[in-house]
Amino acid sequence: MPRALFADDALPLYERTAAQLLADLRGTAALVGDRLPSERALATRYAVSRVTLRAALAELESRGIVRPASSRGWFVADLDQSPNPAVASTPAATQVQGLADFARVNGLTPSSRVLSATVRPATVSEAEDLRIAPGADLFELHRLRFLDNLLVALEHNRLPLAACPALAGTDFNTASLYATLRAADPPQLPRVADYSCEARHPTPREIELFGIGDTMPMLVATTLTFNQADRPIELTVQVYRGDRYRFRASITNRP
């Protein structure tokens, strides 16, 4: 459903914070080149965490509204951009939506249970997909994903640790993976993804984790996600119960 059909308070907190910050910049007639208050001051003003504040700034940066300047902070770049990320039409405003983003927009409560989170060397195949050197540090995450406390997916994420070193120290039982990427320095903004989906029988481990029989069909989605610089930042495999997942897509012949 179009995001414009949902109330503003159903949007992710970082988007609401970005909208409030943009409104304040316009309300105070900020000029291009003006320096924003510190991240600490902004987080206090909008009553959000530093992680959420950085994700909001990254959202505004992706739309060309603000820009970072190394250790000097954030500056106004251009206020003549669309004020609403839900209706922004430029390619830079598009984003890949994570499960937590999807859940909150649709009024669901997401949660996760981490099965394992490690840093290990990337295999040759993973290095090829993620365009990193074989043996480079890879953050690997296995977790169960829930919506309203109902198990819907088993998820396996692999990301280059260099893209976001904070991944290794984040508790993904509660944290959002995409929010963590958006809050990285520099921000890693999921912009586009290659996606494939296939059906198969469950493995013995999936039968145990999902509490299902061996005749339950499983849908397996493989995603390679790219950031705003067209660099691959995430290789993910999600396994869904076939009776709790439906994939829809629009097909077009536009380039």
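Because the structure is predicted, anything quoted here is derived from the model rather than measured. (Residues numbered from 1 in each chain as written. Predicted model: local features only at pLDDT ≥ 70, side-chain atom pairs only at ≥ 80, totals over all residues. Heavy atoms only, no water.)

Enquirer: Would you mind going over the pattern of salt bridges with me for this structure?
Expert: It is possible for side chains of opposite charge to pair when their charged atoms get near one another. Under the definition given, this model contains 11 salt bridges. Residue aspartate 243 pairs with arginine 241 through a salt bridge whose shortest N-O separation is 2.8 Å. Within the structure, one salt-bridge network assembled from shared partners comprises Arg120, Glu126, Glu140 and Arg158. (Salt bridge = Lys/Arg side-chain N within 4 Å of Asp/Glu carboxyl O.)

Enquirer: Before we go on, may I ask you to explain the environment of threonine 180 in this structure?
Expert: Along the chain, threonine 180 falls in helix H6 (residues 177–182). Taking the relative accessible area as the measure of exposure, threonine 180 reaches 10% and is therefore buried. It is 7.1 Å that separates the C-alpha atoms of threonine 180 and valine 51, two residues lying 129 residues apart in sequence. Beyond its immediate stretch of four places on either side in the chain, threonine 180 contacts Cys164, Leu167, Thr170, Phe172 and Ala175. (Helix = DSSP H or I, 4+ residues; strand = E, 2+ residues; numbered from the N terminus. Buried < 20%, exposed > 50% of the residue type's maximum accessible area, 1.4 Å probe, protein only. Contact = heavy atoms within 4.5 Å.)

Enquirer: Got a minute to help me understand the sheet that holds strand E4 (residues 137–147) in this structure?
Expert: Backbone hydrogen bonds hold the strands of a sheet together, and the pairing may be parallel or antiparallel. An order of E3-E4-E5-E8-E7-E6 is seen for the six strands of this open sheet, with the pairing classed as antiparallel. Looking at the sheet topology across the chains shown, the edges are occupied by strand E3 (110–121) and strand E6 (192–200). Neighbour to neighbour, the strand axes of the sheet diverge by 15° on average, direction disregarded. Of the pairings in the sheet, the one linking E6 to strand E7 (residues 218–226) comprises nine bridges and is antiparallel in character. In the sheet register, tyrosine 195 faces E7, and the bridge partner there is threonine 223. (Pairing = 2+ DSSP bridges. Axes fitted to C-alpha atoms, helices over the stretch in contact; angles between N-to-C directions.)

Enquirer: Teacher, can you tell me more about the nonpolar core here?
Expert: Side chains that are nonpolar tend, in soluble globular proteins, to be buried together. Grouped together as the largest cluster of nonpolar side chains are 19 residues, with contacts concentrated most on Leu21, Leu25, Leu36, Leu60, Val66 and Leu79. Elements that contribute at least two residues to this core include exactly helix H1 (13–27), helix H2 (39–45), helix H3 (50–62) and strand E2 (74–76). Excluding residues within four positions of it along the chain, leucine 79 makes contact with Leu22, Leu25, Arg26, Ala30 and Ile65. In this structure, Phe139, Leu167, Phe172 and Ala184 belong to the second largest nonpolar core, which totals 13 residues. (Core = buried A, V, L, I, M, F, W, Y, C linked by side-chain atoms within 4.5 Å.)

Enquirer: Just checking my understanding: could you explain the environment of alanine 184 for this structure?
Expert: With respect to the secondary-structure elements, alanine 184 resides in the loop between H6 and E6. In the structure, alanine 184 is positioned 18 residues away from alanine 166 in sequence and 7.4 Å away in space, judged by C-alpha atoms. The contact partners of alanine 184, leaving out residues within four places of it in the chain, are Ala163 and Cys164.

Enquirer: For this particular structure, what's the right way to read the packing of H1 against H3?
Expert: Each packed pair of helices is defined by two parameters, the angle between the axes and the distance between the axes. Look at H1 against H3: their axes get within 8 Å of each other, and the N-to-C directions meet at 65°. In terms of crossing hand, the pair formed by H1 and H3 is right-handed. In contact with Leu13, Tyr14, Thr17, Ala18, Leu21 and Leu22 of H1, H3 contributes Thr52, Leu53, Ala55, Ala56, Leu57, Glu59 and Leu60. (Left-handed = near helix turned anticlockwise from the far one by under 90°.)

Enquirer: So what exactly am I meant to see when it comes to the confidence of the model for the protein chain here?
Expert: For residues with low pLDDT, the predicted coordinates do not support detailed interpretation. Residue-level pLDDT values for the protein chain average 85, and 88% of them are 70 or greater. Within the protein chain, helix H4 (residues 99–105) has the poorest average pLDDT of any element, 77, and helix H5 (residues 124–130) the best, 97. Counting interchain partners and residues more than four positions distant, the pLDDT-below-50 stretch residues 1–6 has nine contacts. (pLDDT = per-residue confidence, 0-100.)

Enquirer: Hey, could you run me through the side chain of arginine 145 in this one?
Expert: As for its placement among the helices and strands, arginine 145 is situated in strand E4. Within polar-contact distance, the side chain of arginine 145 engages the side chain of glutamate 155 at 2.9 Å. (Polar contact = N/O pair within 3.5 Å; in protein donor to acceptor, adjacent residues only side chain to side chain.)

Enquirer: When you look at unusual backbone geometry in this model, what are you seeing that I'm missing?
Expert: Excluding glycine, residues mostly have negative phi values, and the peptide bonds linking residues are mostly trans. Following aspartate 185, the chain continues to proline 186 via a peptide bond in cis, the omega torsion being 0°. Note that proline 186 resides in the loop between H6 and E6. Positioned with a positive phi, arginine 131 is a non-glycine residue whose angle comes to about 55°. Here arginine 131 is to be found in the loop between H5 and E4. Residues other than glycine seldom take positive phi values, yet aspartate 148 does so here, at roughly 50°. Note that aspartate 148 resides in the loop between E4 and strand E5 (150–160). The exposure class assigned to aspartate 148 is partly exposed, which follows from its relative accessible area of 43%.

Enquirer: Looking at this structure, how should I read H3?
Expert: An ideal rise of 1.5 Å per residue puts 18 Å on 13 residues; H3 measures up with 18 Å between its terminal C-alpha atoms. All buried positions along H3 are accounted for by Thr52, Leu53, Ala55, Ala56, Leu57, Ala58, Glu59, Leu60 and Ser62. Residues of H3 that are buried in the fold lie against H1, H2, strand E1 (66–68), E2 and H6. Positive phi shows up at glycine 64, right after H3, with a value of about 75°. (Expected span 1.5 Å × (residues − 1).)

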